[in-house]
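This is what each chain is made of:
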Amino acid sequence: QVQLVESGGGLVQPGGSLRLSCAASGFTFTNAAMRWYRQAPGKERELVASISSPGGSTNYADSVKGRFTISRDNGKNTVYLQMNSLKPEDTAMYYCYVRWGNNYWGQGTQVTVSS
């Protein structure tokens, strides 16, 4: 079955960096476009970044352009989200997503940006 397991979240000061990872299994990773979403308390889930299969094209929300980078390692079945120059408004639960017939989500990893 499809599984997505996120890791790498935590507490970081404004201006800091984090790298999130999403380990995928149960589907042909190389053939799947991957996405990162986030959801802050009281807000709707929003698309942060996406990467095509096998990885030639990326897209970002305007709010993270120039600060976040999505990438993938098809040999490790893992997608990453490098987050630099973090701001308090980046605080949210971050989720990995894949559409493989159905919609699949990971359990999420919490990112908190605070001094």
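This text goes with the structure placed above it.
Reference entry: report on the structure contained in this document. Nothing here was measured: the structure is a model prediction, and the numbers come from that model.

1. Some details on the pairing of strand β4 (residues 34-39)
Across five bridges, β4 lies against strand β5 (residues 46-51) in antiparallel orientation. When the bridges of β5 are listed, W36 appears paired with A49.

2. Looking at the pattern of salt bridges
Evaluated as defined, the whole model comprises four salt bridges. Among the ionic pairs, R38 bridges to E46, the shortest N-O distance being 2.6 Å. Judged by relative accessible area, R38 falls into the buried class, the value being 5%. In this structure, D62 and K65 form a salt bridge, with 3.2 Å as the shortest nitrogen-oxygen distance. When salt bridges with common partners are traced through the structure, they connect R38, E46, R67 and D90 into a single cluster.

3. Side note on the side chain of R38
Note that R38 resides in strand β4. Within the structure, R38 has its side chain in polar contact with the side chain of S63 (distance 3.4 Å). A distance of 2.9 Å separates the side chain of R38 from the side chain of Y94, its partner in a polar contact. Beyond its immediate chain neighbours, meaning those up to four positions away, R38 contacts E44, R45, E46, V48, S63, V64, F68, E89, D90, A92, M93 and Y94.

4. Observations regarding the environment of S52
Looking at the secondary structure, you find S52 in the loop between β5 and β6 (58-60). With 16 residues separating them in the primary sequence, S52 and W36 have C-alpha atoms 12 Å apart. When near neighbours in sequence (up to four residues on either side) are disregarded, S52 contacts A33, S57 and R72.

5. Remarks on the side chain of R67
On the secondary structure map, R67 appears in the loop between β6 and β7 (68-73). Of the residues examined, R67 reaches a relative accessible area of 10% and is grouped as buried.

6. Side note on the environment of A24
Within the secondary structure layout, A24 lies in strand β3 (residues 18-25). A24 sits 19 residues away from V5 along the chain, and the two C-alpha atoms are 6.6 Å apart. Ignoring anything within four residues of it in the chain, the contact list for A24 reads Q3, L4, F29 and N77.

Scoring rules and cut-offs
Residues numbered from 1 in each chain as written. Predicted model: local features only at pLDDT ≥ 70, side-chain atom pairs only at ≥ 80, totals over all residues. Heavy atoms only, no water. Pairing = 2+ DSSP bridges. Helix = DSSP H or I, 4+ residues; strand = E, 2+ residues; numbered from the N terminus. Salt bridge = Lys/Arg side-chain N within 4 Å of Asp/Glu carboxyl O. Buried < 20%, exposed > 50% of the residue type's maximum accessible area, 1.4 Å probe, protein only. Polar contact = N/O pair within 3.5 Å; in protein donor to acceptor, adjacent residues only side chain to side chain. Contact = heavy atoms within 4.5 Å.

These figures come from the coordinates and say nothing about function on their own.
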